[in-house]
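Observations on chain architecture
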Amino acid sequence: MCVSPALFSFPGVCLLHSVRPVSFAPRSLSLSSSRSPRMAGWDLSVTVEDLGPDAPPVTLSVTSDLHVGGVILRLVEKTQIKRDWSDHAIWWEQKQRWLLRTSWTLEKYGIHADARLLYMPQHKPLKLGLPNGITLRLHACFSSPVFQTLMGICRMLNIRHPEELSLLRPLEEKKKKKDKDSAEEIYDLTEVPRSSVSRPCLYNGMPAHFADSPKMEAIYKMLSVTQPPPAPEVVAKQYRPASVVDKAHINGRWLDSSRCLIQQGIRENDRLWLRFKYFAFYDIEPKYDVVRLTQLYEQARWSILLEDIDCTEEEMMLFGALQYHISKVSQSEPKLLSSSAAMDDLESALQSLEVKMDGESSSFCGETEACDYMFQAKEVDTEGIQAVLVQSKEESIGEPIQQINLRGCEVAPDVNMAAQKFLIRLLIPAPEGMNEVYLRCENEQQYAQWMAACRLASKGKSLADSSFQSEIKSIHSFLAMQRTNPSSHGNTPANDESINTHSLVSPRYHKKYKTKQLTPRILDAYQNVAQLSLTDALTRFLQIWQALPDFGLSYITFLTNRFKGSRKDEVLGIAPNRLIRIDLGVGDVVKTWRYNNMKQWNVNWDIRQMAIEFEGNVNIAFSCVTADCKIVHEFIGGYIFMSTRSREKSDTLNEELFHKLTGGHEAL
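Residues numbered from 1 in each chain as written. Predicted model: local features only at pLDDT ≥ 70, side-chain atom pairs only at ≥ 80, totals over all residues. Heavy atoms only, no water.

1. So, the packing of helix 7 (residues 290-305) against helix 14 (residues 534-547)
With their axes 10 Å apart at the nearest point, helix 7 and helix 14 run at an angle of 45° to one another. Classed by the angle they form, the pair helix 7 and helix 14 counts as oblique. In terms of crossing hand, the pair formed by helix 7 and helix 14 is left-handed. Of the residues in helix 14, those in contact with Leu-293, Leu-296, Tyr-297, Ala-300, Arg-301, Ser-303 and Ile-304 of helix 7 are Leu-538, Phe-541, Leu-542 and Trp-545. Taken together, the residues that form the contact of helix 7 with helix 14 break down as nine nonpolar, one polar and one charged. (Axes fitted to C-alpha atoms, helices over the stretch in contact; angles between N-to-C directions. Helix = DSSP H or I, 4+ residues; strand = E, 2+ residues; numbered from the N terminus. Parallel < 35°, antiparallel > 145°, perpendicular 65-115°, else oblique. Left-handed = near helix turned anticlockwise from the far one by under 90°. Contact = heavy atoms within 4.5 Å. Nonpolar A, V, L, I, M, F, W, Y, C, P; charged D, E, K, R; others polar.)

Shown next, in the form of structure tokens:
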């Protein structure tokens, strides 16, 4: 076993791969001016898929120095079928590889007479389930790595930034007797021509291939318009993870982005799911991202309904109200999304309402309570602020008990408006993980100021930043939506027949409350969002979803990880900016490590073990038991790739860099 030098260097991060040693045997060379004797011929059998499943293989007389292109030429001539063969290629079954280098000879590939070869199309029909529940039938490339196949699918569907998505094996559904006769509706896109352009040509706001006929326009509308709230029986039939272990099983189903579909056992007309895998959404613009934004909302909505992510009771009522409002507005508005002045840059709203500096200044010095002590915000310099721990207001002038640098910390809200609970949860980077600190604020105003200050500090910005007041205003707006509005009760009907609470809140709350109790609460929350446009309502839903404490956590298989120093099974949670270690016994987070403290990670592909080194001489090593360590490797490399994207760089996707960071030994 030998370890290769660093394959890729990221600021502070070095990616290593272990590879098998290669031995070279010298060949005896004979120099002669005479020509080599002609190679002996031998028979090669190739099955041609287009001849039918019962047709015998086509036998060709070949020599080892014949190149693959010559084999294909002879095959086509012998079949005597006149058609376009440009999409066909040879698949080598024993070696599980495509013979795509047509200039290579049979000898160079190592092909002998016993090789089982299949000549078939590279693009085949695939059933694709979208986040909104719609199933499409389209042609996908079975010969390219999944990442390239995904790029082609996203081009067809007009979804930008395909690096955020991936393909997932669906969960096996238990078919009931009464469902045998119920046929699922599948929308056919197999006639859409393949295109290599990075962005499709738009016609009337949709790709040209969707504007060909009313039928195709209707399909695009289903992709780009939010679906009505699902029927209660549809929600009840969906799989709901009951524990972290169940969630981990789902994440073990992601396809390997470096290998092609057929190498992973996917066959023609098989079903896959298209889902957002990396929760780091970049450069979302309603004008160009109609389908992307709609499908992201649908995935977020189902994660709430199926309790894939936890939220408070107040948040659930707000989610239900927003779903109800979005459904009403999407039916009345002729267009799905229209640009608004407030949402010209949706990315800023999705990334904790981050706005650019414009040079104005503001300042703030506030105090909040934490346990029996006082925290005081103190500007340090243009690099950010510190939270200073003192014992009382009177002692705030003297030496503080503790100073905490908030740069790079995690900031999460913990608010209950009805109970007047205003907490801010801070995860502070530490050498061996993350330290957890809670700040308790006395009222809404104090909470808004401190939350805004902490958010800016975590990004390395000072309180003089012009976005400070904008942050405060946005936080107040967020709190207003959760506030009970007593004056609205007189104008709100106690019951609304158009509201089906089973489609708006998760089953947990239907076990706790009756429908007649849930309806007025959802309608009350609806009064706070009823004036939002469709774009703003979708954005607000995603903002609240992103603010949930467990947002973006992907639990990797059942998957027991064996850390050094621990012999019991545990779960690794992967977030956009950190890794967390969870003890299955109690369900608590044991450790947290941030990517910006990571020095390197490497994989021993022979024993399927990962090792990660962090600053402060912190090392972890683990083996994934019920899932391949390649999934963990892809998550980490993928999130590091997401962090390299910026508006200053080209919009062209750096496919080579993504493959280097996620491909593992395949990238070598």
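2. Focus: the sheet that holds strand 24 (residues 570-574)
Across the sheet, four strands lie side by side as 23-24-25-26; this open sheet has antiparallel pairing. Strands at the two margins of the open sheet, each flanked by one partner only, are strand 23 (554-556) and strand 26 (589-594). With direction set aside, neighbouring strand axes in the sheet form an average angle of 25°. Relative to strand 25 (residues 578-583), strand 24 runs antiparallel, the two being bridged by five bridges. Considered in strand 25, the bridge of Ile-574 is made with Leu-579. Along the sheet, helix 6 (residues 244-251) makes contact with strand 23 and strand 24, crossing strand 23 at roughly 85°. (Pairing = 2+ DSSP bridges.)

3. Section: unusual backbone geometry
Non-glycine residue Gln-80 carries a positive phi angle of around 60°. Its place among the elements puts Gln-80 in the loop between helix 1 (68-79) and strand 6 (88-92). The backbone phi angle of Gln-96 is positive, close to 55°, even though this residue is not glycine.

4. Remarks on helix 8 (residues 313-332)
Spanning 20 residues, helix 8 covers 29 Å between terminal C-alpha atoms, matching the ideal 28 Å at 1.5 Å per step. In terms of residue burial, helix 8 counts as a mostly covered element, since 17 of its 20 residues are buried. (Expected span 1.5 Å × (residues − 1). Buried < 20%, exposed > 50% of the residue type's maximum accessible area, 1.4 Å probe, protein only.)

5. Comments concerning the pairing of strand 5 (residues 58-62)
Regular strands place side chains that alternate from one sheet face to the opposite one. Every second residue of strand 5 is oriented toward a common face, the buried set being Val-58, Leu-60 and Val-62 and the non-buried set Thr-59 and Ser-61. One ladder, built from five bridges, connects strand 4 (residues 42-48) with strand 5; its direction is antiparallel. When the bridges of strand 5 are listed, Leu-44 appears paired with Leu-60.

6. Re the side chain of Glu-314
With respect to the helices, strands and loops of the structure, Glu-314 is situated in helix 8. The side chain of Glu-314 is buried and forms no salt bridge, while Arg-521, the nearest opposite charge, is found at 6.5 Å. Leaving out residues up to four positions away in the same chain, Glu-314 has contacts with Val-415, Asn-416, Met-417, Ala-418 and Gln-482. (Lys, Arg positive; Asp, Glu negative; His and termini not counted. Salt bridge = Lys/Arg side-chain N within 4 Å of Asp/Glu carboxyl O.)

7. Focus: helix 11 (residues 467-482)
Under the 1.5 Å per step criterion, the end-to-end length of helix 11 is 23 Å for 16 residues, consistent within 8% with the ideal 22 Å. All buried positions along helix 11 are accounted for by Ser-467, Phe-468, Glu-471, Ile-472, Ile-475, Phe-478, Leu-479, Met-481 and Gln-482. Buried residues along helix 11 sit against helix 8, strand 20 (410-416), helix 10 (444-458), helix 13 (515-526) and helix 14.

8. Observations regarding the packing of aromatic side chains
To describe a pair of aromatic rings, you give the distance between the ring centres and the angle between the ring planes. In this structure the tally under the stated criterion is 22 aromatic pairs. Note on Phe-279 and Phe-551: the rings are 5.7 Å apart at their centroids and 75° apart in plane angle, and the pair reads as edge-to-face. Note that Phe-279 is positioned in the loop between strand 15 (271-276) and helix 7 and Phe-551 in the loop between helix 14 and strand 23, a separation of 272 residues in sequence. The exposure classification of Phe-279 matches that of Phe-551, with both residues buried. (Phe/Tyr/Trp six-rings, centres within 6.5 Å; stacked < 30°, edge-to-face > 60°.)

9. Regarding the pairing of strand 25
Counting buried positions along strand 25 gives six out of six residues, so the element sits mostly inside the fold. With burial as the criterion, each face of strand 25 is covered, one bearing Arg-578, Ile-580 and Ile-582 and the other bearing Leu-579, Arg-581 and Asp-583. Hairpin connection from strand 24 to strand 25: three residues lie between these consecutive antiparallel strands. Where strand 25 meets strand 26, five bridges bridge the pair, whose relative direction is antiparallel. Within strand 26, the position partnered with Arg-581 by the bridge is Lys-591. From the end of strand 25 to the start of strand 26, which pair antiparallel, there are five residues, and Gly-587 there has a positive phi angle of about 80°.

By themselves, these are just geometric observations and shouldn't be taken as functional.
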